[in-house]
Every structure is written in structure tokens, then in C-alpha cells.
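Here is what each chain is made of, one letter per residue.
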Amino acid sequence: MASYYNDATVIFLNGSFVKAADAKMDFYSQSFHYGYSVFEGIRAYKTEKGETKIFKPVEHYERLKNSALAMNLPYTWNTDELIAATYEVLKRNNIQDAYIRPVVYAPANMSFVVNTEAFIVIEAWEMAPFLGDKLLRVMTSSFQRPNPKGFKIEAKAAGHYVNSILASQEAKAKGFDEALLTDMNDNIAEGPGANMFFEKDGKLVTPPPGNILPGITRATVFEICKKLGIAVEERLFKADELKNADAAFYCGTAAEVIGWESLDNVKFKKSWNETVSKKVQTAYKNLIIEKEPDATIKHSSGKEKSLA
Ligand code: PMP
């Protein structure tokens, strides 16, 4: 298993900066017993200028708050203080390219009654930008996403990730890189920890909110497409349409923008380098490190536009 901390690692725990190795959590916590907590996955990058920049911190901490409120967890923090605390965690651990994991969790409570308090921890560890060029071999999972009538699926609640773990483990056991989950009506939904888009005839299509976690990277892809003049449509679709696509990709804070080679061993029609999806990937890569956009990016309109 990966090592996320050592004896020197500092975390933010309920208002204080403490050593991860000394930090304690209550084994009687409702979060531990029932998977009842909410969390975020955030990245920081070393920018082109050498600064440490958390990518879209307001969006992430606002989602953390909304996830907590959706779960009836008391939320007593404000976004500015948490962003400042996060920069401090990065500084104290001397890391720039990082993955940041805030978790809001419940006190000792074996019953199902609403809590009168909740706690927060912010952990961070080093993570280099990924954006690998190796395309993913994706498998349609035998697991569906949780029924949105049984869960608040738009919240980033820990318990939802049991579904993600089962799906991802199944795909890997069968020799694939990642799983793709459908909703309860067999529409394509998302990956275990990422949203998906497919490309057809230079346009992108992605499932609408309802059965997915509406990702911050997904929203960033919309922004990039607007700037690049690439059309994006939100609508339901099934696996047969997806297998006929020119290309497809996953996007998420950890995954960034990563292309697919195949779905259920059916290869996508276009070579990744010839897709508009690849342009989105490049634009995302530039955006997170605040690199000046490549002035030569060609767009579907044939015009050259700036990403700035
Ligand atoms: N869907 C799921 C189930 C996820 O866990 C994530 C990762 N948070 C995403 C989508 C992508 O969300 P984001 O772009 O905000 O990281």
C-alpha cells in the first residue's frame, strides 16, 4: 500500500496543525461505522512561475459544504479559512504538486440521529501531475451507480465509494484499467472516480447531472470547450452509442483528462492525437499550471482562439 505520510507530516485537524502520526480519531465515530462522512479531492500544482496554486479551491470547499449539508452534518467552517489552512498544510509539508483530502466526519454516535457537531481534517501528500499519454482500456462494470432515489448522489459522501471500489476492483481483476458504470436504466453514468465524455464528429457528449457527481473538472471541460469553440451536449446515452464514438475520456481532479483506448475491447475510431478531446486535454494541462495557451491550437471552426 502507498505511504501517504511519515513522522514529519503535518495535517490540519479541527483548527490546529498537528503531526499526522500523533493525530487521533474516535473509533466510535459514526463515520467509521457507517461510511457517513463527506470529503473532497483537490489538487495543487507548481505553476509555470514556480508558485503553489490550488486548482479551483473555492469550488471544492463549496462542494464540501454542500455535501455536508446534504448529509445533515453540521458545517461550521468557511471557505476562506479552509483555503488558508490548506495552503498552510502545503507549506508546512513543503509540497507544491499535491493531492489534498479534506474530510468532514461525525462524532461517536451509533444511532442514526442527527449530530450536533462534526469535525474536519485536511491531509495532503505529494502527487505529480498525471495526464499520462497511455490510453485507458475501460470495461463496462457489472455494478451500477447507486440509485439517486436511495442516495444524494450529487454529494461526495464516503459511503458512495464502496460502489466505486467494487467496480474498480472488478475491472482491474479482469485485466482492464478502469470501470465504467451505468445508471439504473442502463444509461452511461461515470467512472468510479471520474466523469466521462465521448467525442463524435468533433463534438463532445456527456451524461447530465442526476446520476453522477457533477465534477469540477467536468465543469472546467465545459469552460475549455466554450473557449475552444467545441460543442458539448449533456444528454443520456447507452453503451452501443458510446462504442461507436470517435474517442472518449475520463476527467476528474485526480485523473485530470485521460483518453480511452477502448471500451469492452472495442477500440475508438480516431487516433487520440487527431481528436478534439486531445485539444481539451492539452488545454487542461496548460490551465492547471497557468501556462500560456499554445497559440497554435487549431479549433473546429478553423479559427485560432486563445484560452486565456
Ligand atoms: N465522479 C466521481 C464519482 C468522483 O469521485 C469524482 C472525483 N471527485 C468525479 C466524478 C470528478 O469530480 P472532480 O472533477 O470534481 O474531481
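Now for a quick tour of the structure. In this text the structure is predicted, and so the values were computed from the model without any measurement.

### Let's talk about the pattern of salt bridges
The tally for this structure, following the rule as stated, stands at 12 salt bridges. Across the pair Lys56 and Glu223 runs a salt bridge whose closest N-O atoms are separated by 3.0 Å. With Lys56 in the loop between strand E5 (52–54) and helix H2 (57–70) and Glu223 in helix H5 (residues 216–228), this pair connects stretches of sequence that are 167 residues apart. On the basis of relative accessibility, which here comes to 13%, the residue Lys56 falls in the buried class. Judged by its relative accessible area of 37%, Glu223 is partly exposed. Salt bridges here are not isolated pairs; linked through shared partners, they connect Glu51, Lys53 and Glu290.

### Overview of the nonpolar core
Among the nonpolar cores identified, the biggest contains 29 residues, and Tyr61, Ile100 and Val104 are the most heavily contacted of them. Those elements giving two or more residues to this core turn out to be strand E4 (42–46), H2, helix H3 (79–93), strand E6 (98–105) and strand E7 (119–126). Here the element with the most residues in this core is H3; it accounts for 5 residues. Among all residues touching Ile100, those that are not within four sequence positions of it are Glu40, Gly41, Ile42, Arg43, Ala44, Ile54, Tyr61, Thr86, Leu90, Ile122, Glu123 and Ala124. Judged by nonpolar contacts, the second largest core, of 19 residues, contains Phe55, Phe197, Ile224 and Leu228.

### Description of the site of the ligand
Surveying the vicinity of the ligand reveals 15 residues, the closest of which are Tyr161, Glu190, Ile216, Thr217 and Thr253. At a separation of 2.8 Å, an oxygen atom of the ligand approaches a polar side-chain atom of Arg63. The side chain of Thr217 places a nitrogen or oxygen atom 2.6 Å from an oxygen atom of the ligand. Here the ligand has 380 Å² of accessible area as a free molecule, and 96% of this is covered by the chains.

### A closer look at the packing of aromatic side chains
All chains considered together, the criterion is met by 15 aromatic pairs. Plain terms: the ring middles of Phe249 and Trp272 are 6.5 Å apart, the flat faces sit at 75° to each other, and that makes the pair edge-to-face. Here Phe249, found in strand E14 (residues 247–252), pairs with Trp272, found in the loop between strand E16 (266–267) and helix H7 (276–288); they are 23 residues apart in sequence, far enough to count as distant. Taken as a pair, Phe249 and Trp272 share a single burial class, namely buried. Through pairs of rings, three or more aromatic residues link up here, namely Phe197, Phe222, Phe249 and Trp272. Here the guanidinium or amino end of Arg137 rests over the ring plane of Phe176, the centre of that ring lying 4.9 Å away.

Parameters at a glance
Residues numbered from 1 in each chain as written. Predicted model: local features only at pLDDT ≥ 70, side-chain atom pairs only at ≥ 80, totals over all residues. Heavy atoms only, no water. Salt bridge = Lys/Arg side-chain N within 4 Å of Asp/Glu carboxyl O. Helix = DSSP H or I, 4+ residues; strand = E, 2+ residues; numbered from the N terminus. Buried < 20%, exposed > 50% of the residue type's maximum accessible area, 1.4 Å probe, protein only. Core = buried A, V, L, I, M, F, W, Y, C linked by side-chain atoms within 4.5 Å. Contact = heavy atoms within 4.5 Å. Near = heavy atom within 4 Å. Polar contact = N/O pair within 3.5 Å; in protein donor to acceptor, adjacent residues only side chain to side chain. Areas by Shrake-Rupley, 256 points an atom, 1.4 Å probe, with all protein chains shown as cover. Phe/Tyr/Trp six-rings, centres within 6.5 Å; stacked < 30°, edge-to-face > 60°. Lys NZ or Arg CZ within 6 Å of the ring centre and 35° of its normal.

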